[in-house]
Amino acid sequence: MRIIRAAKVLTGRSGEVIEDGEVLIDGPAIVSVGPRGSAGAAGEAAEVLELPGHTVLPGLVDAHVHLGFDATVDPLTGRSAESERHLLLRMAENARKLVSAGVTTARDLGGRAFLDLELRDAIEEGLAVGPHLVVATRPITVTGGHCWYMGGEADDEPAIRRVARENLRAGADCLKVMVSGGLMTPGAPPSWVPQYGTEQLRVVVEEAATRGKGVAAHAHAHAAVRSSIEAGVTTIEHCSFFTPEGHQYDAELGDKVAASGTYVCPTVHGSVDRIRKVHGDRMLEQWLNGIAAMRAAGVRLITGTDAGFAVGGIANPTDAFVAGLEVFAQIGFGNAEIIEMATVRAADACGVGGVTGTLEAGKRADLIAVAGDPLADLAHLRDLALVLVSGRSVTQAGVDTVTSSVG
Ligand SMILES: [Zn+2]
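Residues numbered from 1 in each chain as written. Predicted model: local features only at pLDDT ≥ 70, side-chain atom pairs only at ≥ 80, totals over all residues. Heavy atoms only, no water.

**So, a negative patch on the surface**
- Among the surface-exposed residues, Glu153, Asp155, Asp156 and Glu157 lie close enough to one another that they form a single negatively charged patch.
- As for its placement among the helices and strands, Asp155 is situated in the loop between strand S9 (132–135) and helix H4 (157–170). (Patch = residues over 30% accessible without salt bridge, like charges linked within 9 Å, V, L, I, M, F, W, Y side chains within 5 Å. Areas by Shrake-Rupley, 256 points an atom, 1.4 Å probe, with all protein chains shown as cover. Salt bridge = Lys/Arg side-chain N within 4 Å of Asp/Glu carboxyl O. Lys, Arg positive; Asp, Glu negative; His and termini not counted. Charge placed at Lys NZ, Arg CZ, Asp CG, Glu CD. Helix = DSSP H or I, 4+ residues; strand = E, 2+ residues; numbered from the N terminus.)

Next up, the structure:
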């Protein structure tokens, strides 16, 4: 047994903050959380880690990554210069960087060759260092559609059902569906064009539900957002209200998203740099205003980076999670709210809220300790003193590697 004592413990339960708190851990699980001394005799017998001036909080959750996005793939042919064996090693390195940023759970929303399943299981076995992974395997997309080269092409309902069932049979934890086009597949429909309608999406939701799984819907276009909520997906990715003229937030549709309770992962992170450099400040402002409007409407926003994806030549590195959180702060979100979006709420959205996302007895010991108080300044989330994934310490500050964070 180990006990961690710190100046502050954020449990993640409705913003609860315990001053001078302690967390008792036995192997992979949390035994108790409370003020100093609350663990009683068990705490006295435990190995003690004293962290004065630090804050302990639930490990961060990145609800949208692509650890195995392969930037060497030629989108016109789907061929890649990188072997699957090499790609798997690079995914492992990306996972190590992600956990080194304090991310203890990540949802991988698309890659090829089912490599995400291999990495997920290797991390659980202790063969690789990384966050717990929730994986989607091949995104379901139309023939030649957004990310078709990841292997999940399906045009009509029987084909969609088939790909969905194959992904689930292989061991997918959730399904990903490309409801609209996207930014980086030449020849595919652009972002503002829907790829699937509501009836087709219902097939995806139905298949996922047979295994108790959720559906992540990539949706930029207004029509794609609408059909995502009509079909009852779990999370909408991007939700950028994108048109040929740029981002045009639709208040009526935003209210419908809020009323549906669907989680929205706007994947801010590297998008800020990309939108500014590729499309300019006006587009950036439109897009940020849309995110602020969703918040005002009561949409359940969560954190996710799209890390691994390099769009327009601009990387979304796996080791810069906090930068994405700071974007929310810049547009008016409170620090406590952002930490909630990045922990308990994102864990719930990824379907793992029962086992992680808060510091509570019985949950996995997925936690971080940072110097200072991130409620006062999110930048303290970069000062990691400890990262535990199911009780295993994976803190690796200062480890240099020669690879970039992106493929
Ligand atoms: Zn993505």
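**So, the environment of Glu237**
- Along the polypeptide, Glu237 turns up in strand S12 (residues 235–238).
- Residues within four places of Glu237 in sequence aside, it is in contact with Ala63, His64, Arg107, Leu109, Ala216, Ala217, His218, Ala219 and Cys265.
- At a separation of 2.9 Å, a polar atom in the side chain of Glu237 contacts the side chain of Arg107. (Contact = heavy atoms within 4.5 Å. Polar contact = N/O pair within 3.5 Å; in protein donor to acceptor, adjacent residues only side chain to side chain.)

**Looking at the packing of helix H6 (residues 222–231) against helix H7 (residues 251–260)**
- Contact pair H6 / H7: the axes reach a minimum separation of 10 Å and the direction vectors enclose 25°. Considering the angle they form, H6 stands roughly parallel to H7. Judged by the sense of rotation from one axis to the other, the crossing of H6 with H7 is left-handed. Between H6 and H7, the contacting residues are His222, Val225, Arg226 and Ile229 on the first element and Leu253, Lys256, Val257 and Ser260 on the second. (Axes fitted to C-alpha atoms, helices over the stretch in contact; angles between N-to-C directions. Parallel < 35°, antiparallel > 145°, perpendicular 65-115°, else oblique. Left-handed = near helix turned anticlockwise from the far one by under 90°.)

**A closer look at the domain arrangement of the chain**
- Partitioning the chain into structural domains gives domain 1 (2–58 + 358–393) and domain 2 (60–349).
- Distance between the C-alpha centres of domain 1 and domain 2: 30 Å.
- Taken together, the 23 residues of domain 1 in the interface contact 23 residues of domain 2.
- For the pair domain 1 and domain 2, the two sides together bury roughly 1,700 Å², of which 67% comes from carbon and sulfur.
- A salt bridge links Arg382 to Glu326; the nearest nitrogen and oxygen atoms lie 2.8 Å apart.
- For the pair domain 1 and domain 2, the number of links is 6 residue pairs in polar contact (both at pLDDT 80 or more).
- Elements supplying a minimum of two residues to the side of domain 1 that touches domain 2: strand S4 (47–58), strand S19 (367–371) and strand S20 (384–389).
- Per-element tally for the side of domain 1 that touches domain 2: the top contributor is S20, with 4 residues. (Domains from an automatic or database assignment. Buried area = accessible area lost by both parts, 1.4 Å probe.)

**Digging into the coordination of the zinc ion**
- Surrounding the zinc ion are the protein donor atoms His64 (NE2), His66 (NE2) and Asp306 (OD), at 2.0 to 2.2 Å.
- Of note, the donors binding the zinc ion are all from one chain and are spaced H-x1-H-x239-D. Of this pair, His66 sits in the loop between strand S5 (60–65) and strand S6 (73–74) while Asp306 is found in the loop between strand S16 (300–301) and strand S17 (310–311), placing the two residues 240 residues apart along the sequence. (Donors = N, O, S within 2.8 Å, 3.2 Å for Na, K, Ca; no water.)

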